[in-house]
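# Fold and contact review
Below, each chain spelled out in residue letters.
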Amino acid sequence: MSGYAAVVLTGGAARRLGGVDKPGLPIGGRPMRDRVLAAVADATPRIVVGPDTTPVPADVRLTREEPAGGGPVAAVAAGLALLPPGTTTVALLAGDLPLLTAPAVGELRRALAADPNADGVCHVDPEGRRQSLCGLWRVAPLRAAVDRLTADRGGLTGASVRALLAGLTVAELRWSGEGPPPWFDCDTDDDVRRAEEWTR
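Predicted model, so just to flag it, every value in this text is computed and none were measured.

### Brief notes about the overall build of the protein
When helices and strands are tallied, the protein shows 6 helices and 9 strands. Expected size for 200 residues packed as a compact globule is a radius of gyration near 16 Å; at 16 Å, the protein falls within 12% of this value. Taking all 200 residues of the protein together, 48% fall into the buried category. The contacts of the protein with a sequence gap of at least 6 include a subset with a gap of at least 24, amounting to 66%. Only carbon and sulfur atoms are counted for the fraction: they give 50% of the accessible area of the protein, which is about 9500 Å².

This is the structure:
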């Protein structure tokens, strides 16, 4: 498999958690954002899109969506803008995936490499819901989708990830590995407690 980049989105409002810096919340003694970055330690570059609230590792680039708080698709566009020429695949990851692991990312990479007709691949939960921000995408069709959505809406503020990916061919991957599901995100206090239990 060829190399890949990673874009981690950390700018959500976290309303159900009282507006805290959700990716900065510790799970198993480490901020969720850092756990996500560790799962893509072999990606080049690694880009965090969100507020400059806590330090990132020296080899991680930090940027912000325009306008700040403009939503996940604006954040995706900001991350894509920093990819070096020639980057062919990129992991798009929410910053609140504390159970994401390198093997789970490896499964995504293998699945995309095995399906040349897919524009991207993402994990799905047991109910078949796509976890779009736990996926790997080909850069060219993803950029084209951003451009189409920008033209259709006159901008990306408030656009949904579902709208961004609507025209893409998406392969779905069910988690078959050991341990907790890598797509598990933390939207509530109960989610945080559950993730903490899983990491013990």
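Having seen the model, we can carry on.
### Quick word on the layout of surface pockets
Left-over empty space is what a probe sized like a water molecule reveals as it rolls over the atoms. Here the largest pocket defines a volume of roughly 820 Å³. For the largest pocket, the lining is made up of 30 residues, of which Leu9, Pro72, Ala94, Leu133 and Val161 are closest to its centre. Elements with a minimum of two residues in the lining of the largest pocket: α2 (72-80), β8 (130-138) and α5 (161-165). No other element matches β8, which puts 5 residues into the lining of the largest pocket. The calculated volume of the second largest pocket comes to roughly 190 Å³. Looking at the second largest pocket, it is lined by 16 residues, and the ones nearest its centre are Pro98, Leu99, Leu100, Thr101 and Pro180. Mapped by element, the contributors of at least two residues to the lining of the second largest pocket are α1 (32-39) and α3 (102-113). Partitioned by chemical class, the residues of the lining of the second largest pocket number 12 nonpolar, 2 polar and 2 charged.

### Side note on the side chain of Asp125
Looking at the element boundaries, Asp125 is found in the loop between β7 (120-124) and β8. At 2.9 Å, the side chain of Asp125 forms a polar contact with the backbone nitrogen of Arg129. When residues no more than four places from it in sequence are discounted, the contact partners of Asp125 are Gln131, Arg174 and Trp183.

Definitions and limits used
Residues numbered from 1 in each chain as written. Predicted model: local features only at pLDDT ≥ 70, side-chain atom pairs only at ≥ 80, totals over all residues. Heavy atoms only, no water. Helix = DSSP H or I, 4+ residues; strand = E, 2+ residues; numbered from the N terminus. Rg over C-alpha atoms; globule rule 2.2 N^0.38 Å. Buried < 20%, exposed > 50% of the residue type's maximum accessible area, 1.4 Å probe, protein only. Contact = heavy atoms within 4.5 Å. Areas by Shrake-Rupley, 256 points an atom, 1.4 Å probe, with all protein chains shown as cover. 1 Å grid on protein atoms, 1.4 Å probe; cavity = no way out; pocket = protein on both sides within 12 Å on 5 of 7 lines; lining within 4 Å. Points joined across faces, edges and corners; volume = space filled by probe spheres on them. Nonpolar A, V, L, I, M, F, W, Y, C, P; charged D, E, K, R; others polar. Polar contact = N/O pair within 3.5 Å; in protein donor to acceptor, adjacent residues only side chain to side chain.

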